[in-house]
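# A closer look at the structure
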Amino acid sequence: MASPRNDLKRSFDDMNSSRTETGPRGTDDPAQGPPKIPKSFDPRSYQVKVYEVAMRRNTIAVLGTGSGKTMIAVMLIKDIAQSMRSSGEKKLMIFLAPTVHLVHQQYEFISSHTGLQVGEYYGAKGIDEWNVKSWEKEISEHDVLVMTPQILLDALRKAFLNLDTVSLMIIDECHRTTKNHPYTKIMKEFYHKSSKKPKIFGMTASPVSCKGVSSTVHCDGQISELESILDSQIYTVEDRTEIEGYVPSAKHICWFFDQLLFSNASLKEKMEASWSKFDASLLKLQGSLENRFKDMDEKFKTLRKRLSNDHSKIMYCLDDLGLICANEAVKVCLENAPNAKGECDIYRESSSQCRYYLEEVSQLIGDSLSLGDEFTLEAGANWQSALEMGYVTPKLYELLQIFLSFGGAGPVLCLIFVNRIVTAKVIERFVKRVSVLSHFTVSYISGSNSSVDALAPKVQKETLESFRSGKVNLLFATDVVEEGIHVPNCSYDNSQYIIMLERGNIKQRDQLYDIIRSERSMINTAINRDPFECNLKACTLEETGAYFVDITGASVSTDSSISLIYRYCEKLPHDKYFTPKPDFQFLFSGGSCECTLTLPPNAAFQTLVGPLSRNSHLAKQQVCLEACKKLHQMGALDDRLLPCIEQTSEKAATSKGKESSAGASAVAGVGTTKRKELHGTTSIRALSGAWGEKTDGAIFEAYKFDFSSSIAGEFYSPFILLIECKLDDDVAYTEVDLYLLKKTVKVLVSSCGQVEVDSEQMMKAKCFQEFFFNGLYGRLFVGSKSSGRRREFIFSKEASLCWNPEYMYLLLPLETSKTSSDDSWKINWTAISSCFDAVEIMKKEYSFGTEDSKSKTVSSFPSGTLAAEIDEDKKIRFANGSFSACKLKQVVVVAIHTGRIYSIFEVASDVSAHSPFEGNADGGSSKFSSYAEYFNKKYGIVLKYPGQPLLRLKQSHNPYNLLVNFVEKGRKSKASQPGYVEKPLNHVYMPPELLLILDVPVYAMKAFYLLPSLLHRLESLMLASQLRAEINCQIGNFHIPSSLILEALTTLRCLTISFLNIPRSMKDNYQLSDHRLFLMQPCINGGRTVSCRDTSGIVHLIHVVGLLRDSALYSLCPCGCGVDTSEVPLDVKFSTEDPNIVVGKCCDRGHRWMGSKTIPDCLEALIGAYYVSGGLIAALHLIKWLGIDAEVEPSSVVEVINGVYLHSLVLSTDELAILESKIGYTFSVKGLLQEAVTHASCQEQGLAYCYQRLEFLGDSVLDILITWYLYQSHADVDPGELTDLRSASVNNENFAQVAVRHNFEKHLQYCSSFLQSQITEYVQSFNRPEINTRDLQHMKGPKALGDMVESIAGAILIDTELNLDEVWRIFKPLLSPIVTPDKLELPPWRELNELCDHLGYFLKENCVNKGETVHAEIRLLLDDVLLVGQGCERCKKDAKGKAALHLLKQLE
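Keep in mind it's a predicted model, so treat the numbers as computed, not measured.

Before going further, it helps to examine the state of the cysteines. Inspection of every chain in the model, using the stated rule, returns 0 disulfides. Left without a disulfide partner, C333 is nearest to the cysteine sulfur of C317, which lies 8.1 Å away.

Moving on to the nonpolar core. Counting residues in hydrophobic clusters, the biggest one holds 179 residues, and the most contacted among them are F705, F707, F771, F772, I1223 and F1371. In terms of residue count, helix 33 (residues 1158–1185) provides more of this core than any other element does, 14 residues in total. When near neighbours in sequence (up to four residues on either side) are disregarded, F705 contacts P718, F719, L721, V747, L748, V749, L811, L1011, L1014 and L1018. The next biggest cluster of nonpolar side chains, apart from the first, holds 65 residues, and it includes L321, Y357, L369 and V434.

Here we come to the packing of aromatic side chains. The geometry of two aromatic rings is summed up by the distance between their centres and the angle between their planes. Counted according to the given criterion, the structure contains 37 aromatic pairs. Here the aromatic rings of Y934 and Y939 are separated by 6.2 Å at their centres, their planes lie at 90°, and the arrangement is edge-to-face. On the basis of relative accessibility, which here comes to 0%, the residue Y934 falls in the buried class. Through a chain of ring-to-ring contacts, the aromatic side chains of F719, F768, F771, F772, F773, Y777, F1008 and Y1009 assemble into a single cluster. One residue, K125, lies across the ring of Y121, its end atom 5.7 Å from the ring centre. A cation over a ring is seen here: K1006 above Y716, with NZ or CZ 4.9 Å from the ring centre.

A separate point is empty space enclosed by the protein. To find the voids left in a structure, one rolls a probe of water-molecule size over its atoms. By the definition in use, this model includes 11 cavities of 30 Å³ or more. Considered as a void within the structure, the second largest cavity measures approximately 80 Å³ in volume. Around the second largest cavity, the lining comprises 13 residues; the ones closest to its centre are L260, F262, N264, L318 and T393. By residue class, the composition of the lining of the second largest cavity is 7 nonpolar, 4 polar and 2 charged.

Attention now goes to the packing of helix 10 (residues 265–287) against helix 13 (residues 345–368). Contact pair helix 10 / helix 13: the axes reach a minimum separation of 10 Å and the direction vectors enclose 170°. By the criterion of interaxial angle, the relationship of helix 10 to helix 13 is roughly antiparallel. Between helix 10, through L267, K270, M271, S274, W275, K277, F278, S281, L282 and L285, and helix 13, the contact on the second element is made entirely by I346, E349, S350, Q353, Y356, Y357, E360, V361, L364, I365 and S368. Residues that form the contact of helix 10 with helix 13 fall into these classes: 12 nonpolar, 5 polar and 4 charged.

Turning our eyes to something else, we now look at the packing of helix 2 (residues 45–56) against helix 3 (residues 69–87). At a minimum axis separation of 10 Å, helix 2 and helix 3 run at an interaxial angle of 45°. With respect to their mutual orientation, helix 2 and helix 3 come out oblique. Considering how the two elements wind past one another, helix 2 and helix 3 form a crossing that is right-handed. Taken together, the residues of helix 3 that come into contact with helix 2 (itself represented by Q47, V50, Y51, A54 and M55) are M71, I72, M75, L76 and D79. For the contact of helix 2 with helix 3, the class distribution of residues is 8 nonpolar, 1 polar and 1 charged.

Strand order in the open sheet formed by 3 strands is 15-16-17, with antiparallel pairing between adjacent strands. If you trace the sheet from one side to the other, it starts and ends with strand 15 (583–589) and strand 17 (607–609), each paired once. Strand after strand, the sheet turns through a mean of 20° between neighbouring axes, direction not considered. Sheet analysis places strand 15 next to strand 16 (residues 592–598), joined by 7 bridges and oriented antiparallel. Bridge assignment links F586 to a residue of strand 16, and that residue is C595. Across the sheet, helix 20 (residues 616–634) is in contact with strand 15, strand 16 and strand 17; its angle to strand 16 comes to roughly 40°.

Attention shifts here to the sheet that holds strand 36 (residues 1413–1421). The strand order across the open sheet built from 3 strands is 35-36-37, with neighbouring strands paired in antiparallel fashion. Unpaired on one side and paired on the other, strand 35 (1403–1410) and strand 37 (1426–1433) mark the two borders of the sheet. Put simply, the sheet's adjacent strands are angled 15° from each other on average, direction ignored. Looking at chain direction, strand 36 and strand 37 are connected through 8 bridges and run antiparallel. Within the sheet, the bridge partner assigned to L1421 lies in strand 37 and is L1426. Along the sheet face, helix 44 (residues 1388–1399) touches strand 35 and strand 36 and points at about 155° away from the line of strand 35. Sitting on the sheet, helix 45 (residues 1436–1451) touches strand 35, strand 36 and strand 37, and the angle it makes with strand 37 is about 145°.

Turning next to helix 5 (residues 132–141). Within helix 5, the full set of buried residues consists of S134, W135 and E138. Looking straight down helix 5, one finds its buried side chains confined to an arc of 95°; they lie on one side. In helix 5, those exposed residues whose orientation departs by more than 90 degrees from the buried face are K133 and S140. On the buried face of helix 5, the contacting elements are strand 3 (118–121), strand 4 (144–147) and helix 6 (149–157). Put simply, N131 is the residue that caps the front of helix 5, since its side-chain oxygen is 3.2 Å from the backbone nitrogen of K133.

The subject of this paragraph is unusual backbone geometry. The peptide bond linking S1376 to P1377 adopts the cis configuration, its omega dihedral lying at 0°. With respect to the element layout, P1377 can be found in the loop between helix 43 (1364–1375) and helix 44. In the Ramachandran plot, K179 falls in the positive-phi region, its phi being about 50° despite a non-glycine side chain. Locating K179 in the fold gives a position in the loop between strand 5 (166–172) and helix 7 (182–191). The phi dihedral of E1361 is positive, around 55°, even though this residue is not glycine. Overall, E1361 belongs to the exposed group, its relative accessible area being 56%.

Now for the pattern of salt bridges. What the rule picks out here adds up to 42 salt bridges. Of the charged contacts in the structure, one is a salt bridge between K90 and D143, with a shortest N-O distance of 3.5 Å. Pair noted here: K90 is in the loop between helix 3 and strand 2 (92–96) and D143 is in the loop between helix 5 and strand 4, with a separation of 53 residues, a long-range link. Taking the relative accessible area as the measure of exposure, K90 reaches 47% and is therefore partly exposed.

If you trace the backbone, Q606 turns up in the loop between strand 16 and strand 17. Using a relative accessible area of 19% as the deciding quantity, one classes Q606 as buried. Of the polar contacts made by the side chain of Q606, one reaches the backbone oxygen of P600; its length is 3.2 Å. Ignoring sequence-local partners within four residues, the contact set of Q606 consists of L597, T598, L599, P600, P601 and A1248.

Mean pLDDT over the protein stands at 80; residues scoring 70 or higher make up 79%. Across residues 647–665, where pLDDT falls below 50, the model places 22 contacts with residues more than four positions away in sequence or in other chains. This model gives residues 1088–1102 a pLDDT under 50, and the stretch forms 34 contacts once residues within four places in sequence are excluded.

Conventions and cut-offs
Residues numbered from 1 in each chain as written. Predicted model: local features only at pLDDT ≥ 70, side-chain atom pairs only at ≥ 80, totals over all residues. Heavy atoms only, no water. Disulfide = S-S within 2.5 Å. Core = buried A, V, L, I, M, F, W, Y, C linked by side-chain atoms within 4.5 Å. Buried < 20%, exposed > 50% of the residue type's maximum accessible area, 1.4 Å probe, protein only. Helix = DSSP H or I, 4+ residues; strand = E, 2+ residues; numbered from the N terminus. Contact = heavy atoms within 4.5 Å. Phe/Tyr/Trp six-rings, centres within 6.5 Å; stacked < 30°, edge-to-face > 60°. Lys NZ or Arg CZ within 6 Å of the ring centre and 35° of its normal. 1 Å grid on protein atoms, 1.4 Å probe; cavity = no way out; pocket = protein on both sides within 12 Å on 5 of 7 lines; lining within 4 Å. Points joined across faces, edges and corners; volume = space filled by probe spheres on them. Nonpolar A, V, L, I, M, F, W, Y, C, P; charged D, E, K, R; others polar. Axes fitted to C-alpha atoms, helices over the stretch in contact; angles between N-to-C directions. Parallel < 35°, antiparallel > 145°, perpendicular 65-115°, else oblique. Left-handed = near helix turned anticlockwise from the far one by under 90°. Pairing = 2+ DSSP bridges. Arc of directions from axis to C-beta. Polar contact = N/O pair within 3.5 Å; in protein donor to acceptor, adjacent residues only side chain to side chain. Salt bridge = Lys/Arg side-chain N within 4 Å of Asp/Glu carboxyl O. pLDDT = per-residue confidence, 0-100.

The following block contains the structure:
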């Protein structure tokens, strides 16, 4: 359909001269797709010739399509790969293809035919956003990289790739290496300047790509130039007989069509008049605007261009194809008509003009279709009548005749080339309406450019696959498939190549002759060149300026500098009202040109004047190169010359978290919820000591524990803690509440000074502690028959237990005070000695555990142990003597065969060892006939006094977490549940002769069950005190309680109290240092400052992690972590996402797994704790201790203020005074207020400043101030609700309402019609009398209004020289009313979820991306009705929120 041209001839060769590789003639050109080759490939003789030449020197292979050029390339790849394997050298091989289609096809072919690791790369894969790690990963994992030339060029310029590391570079369709093509730039900028050049192998069917070559000399010149740039020599096969045997040739046919019979002059005149009318209407609407902002002018320019393009498409189809196709073109344009939803009224009206024009033209064409627009062509006479009436043109008529000539038998594949995309679309639609062609399946394919008619790459690929497989018979295409795309079976030996020509068109005839002459000249020149004569001329390298980064090798040239400046501007913070762009102004003088570059106000600098140049384009390039150099030196471009900017635009926010898969870690990111990390624990220095090795006694610091129960008469023995270190007062004097099932025990900890313990007392005290804690919570015997280890008493060896120097403390019972003085206390040495004596007795009697042991009873017991309690009239024999039966209740005993400690509940006078055995709680079962048989068979014990009554004993139990009142936390006790029947206490029956009586008060044993929880709390406070000492914040009278630090170090999982979340409600308190980032980096924009804040180093992080309390009570298990030390190295192997990993459980080396998010949460909470106690100065001290540079010099504030004095004031003095009165504050520096109300769109007015940096600062200021206010005002509120309160108060929507309530919006300076219309509509909606509170809370205002309020806060902070109190004094009335718990409304999606969870209903959501918007649909099935809510917004979260809001209104 297009006019003949040189490219068209190559298209014919590429598309119609191919054969499948599986055919009898051998191998097809794999450049045309991935046909499968035979397992044993026998190369053709001409392929071997070309291969041998290519191995000797750089070569450009000129061979027709189907001749197997890519197979030669594969032979080269395999040969070089083998050589590298032999030498052990690792270098890359790069295959360049000019289109994405070719990249994909070559990738598939090379992957399946080389056995190497191959990667494919093109723009749609997001490679532009890759970093050096992503590229390093690709390079290390692949042998061959198949990519478009632009990808390679960008990677070379950023120094991600270096040609020194490339062994072979294959260039497909290398005839494109002309002018400014990326092929040319790669060769001139990098290849010819490289010290280690790779081998070059070029492939083409035609080395000449211009439209006709006038002579052989001209052709030879172009070939020489191609050889020079590619540093290669042309090589082709002189004897083409063999090639022609493998490559079939199609029959060339010229098919002529008549000139137009029907001019449609009247219709064209009406269409022209209609277009002129609506174009004038657009100009009139544009002129009616009160404020002519640049953004609206651009939109009107786009609308007028769109109107003109639509008109041009329709007129083209009318002239080229006829009325029916012109009508189809109108329909296509209507389908793509612009959507002005969300725009201002006048733009919506203007946008409608395009649709009105199309509808009017549709009516005009419809009036010309006398037979109706649904007219269908049938075989016979109506074809001719359609031609005569202008329904179809002669060209289209003849095309239909070609299709009819195919007949209906056998498969047909026909590719029809057209000039325009709209032609392909409308003919495809038209052919589907022709009934006699209904047996054909029709489709079209076009490029993926920015045109509204373009197809997405995925659709292109699917269409091509359908055509290749025969599902599509007729494929209309633009030149997107002109080169290299393989269509198997599209041509056979009897296939046809048809060129359609207009009769009598001399111009077309001459063009065809030029093509034929060019082709012959190219073939003759290539064949006649001596393949062995090396006469390459030197490549001419233009001397253009360039800037190089020495540390990486990255570069930018004058040629690439403009695009880099545009990319830098694109990455600057922006919103939908302002797109950052560079501005260029030219000054011509005396044949030279000077260019002035102006960057957006949020750029690192604003203005730069370039050097004089000979023309405007060169001047523009030169100033951009200087700008790139300056941006890199200022840190705005990194050492790869990439923008150092975090995107903060709305669009970027919606796609946050989406990253390229290249280089992605297998484990979730640091600080995320899914990631778990292994960490160690920090030792408590206060509990460490060296007294264990002393033999002459020691002096201890003593700390007394007094217990008082909430139940009157309930008594617990006091205890004393003995350690070497002196504790801080807020640890030494503290109160702890312990929550038992039906009572509360308050523990008062107090310091008692020093106490001296001699060596004998120390020995007995250590024995007591080991004995009692192991008897209650551990084991006094180790080994068993089942384990194969001999049963052994743990005290049988001299060094019974290993005392850890990091935990050297004594915990001893006190005697009950006989006086009223709380200061008097005495260690209960009687109880301690009793346990020591029991150990000595059990050492002698531990042989009870052997199989041949007999029952033995101690004949007497040590003097002084319960002698006064013996009643000779009625006594019971124990292992250490006889005792009165009437005084045994609540006596503490230890079983000498198990080592378990019990208290006596009662004497079971009706049960003896001869009684039937009913099973004990200590492991017995009913298979024994009597208690005597049980003890004999179980333990090998023969009872000496089986007739004695058994004792009913209370069992010991494991320690419980007593630090949380679970009833108040919402966990109901079982006793309060309906139908609960209290279970009887679990008791044990035991023969007295197996028990040793201990002279330990039962009140001391009861206190032992409280000690684990109490010690856990004290250890935690000691750690907090230890951290406080290391931070060492000495500021005036500042003091932070260790209990508050403990809150920050304790997670909710710890279940000792919900600590961490309370101070963490101070939110991300790293923002306390944001004012420093603002002051110290005045040349960096807001988004870049956010990046600086997020990446600040934290040198004490790991130490703080070791202090974290992440479990309720330590339950140590054997270490299986694979770490020999207590500290865990920073290594990715100690992180995981395994859901089976238990978080918070310590091993015996102190290692524990923690949620990665817990760590930053802890740091935020710690900063919050310091802010609560000591204000901003204390918090900044901690931030600095963490390794974040938060020092602020007073001179920094002065420098910022001095810079503001240079601002040109747009607002008058009176306007500023009015705004100041609304704010309630008079600025000392008026320029700060001017900057705070200036939107970035004012760049077009020449302003070099905007509010974005102040907004960044004000956002942090209001965040911390409002959070602090909520934290103080609602001390009793749950942490989760505090977070909800903050979310409802600190958000852009809330601040936008503040702006409207106080009429700030009238003072906002902007140059955006879109923003102006949105502000107007928002204010009108806000002031509607019928609006309710719920609607108000969910109204979406222009972001710029909320930004302005934040900017004003930042401006006041600078103007008051960082006085936060003054900022809050001014802003508190502005923000009022601040939301309270009773007025809090949850976000719609969350509220709907919680409501449905409560009612037992299920929600089904579906979100679909449509362009730049997300459409959300939520379905809720009630008992008898289906409710559906829909929402459409720019991000998924907002779309779901709007849909949920609609559902909530329906539920009301």
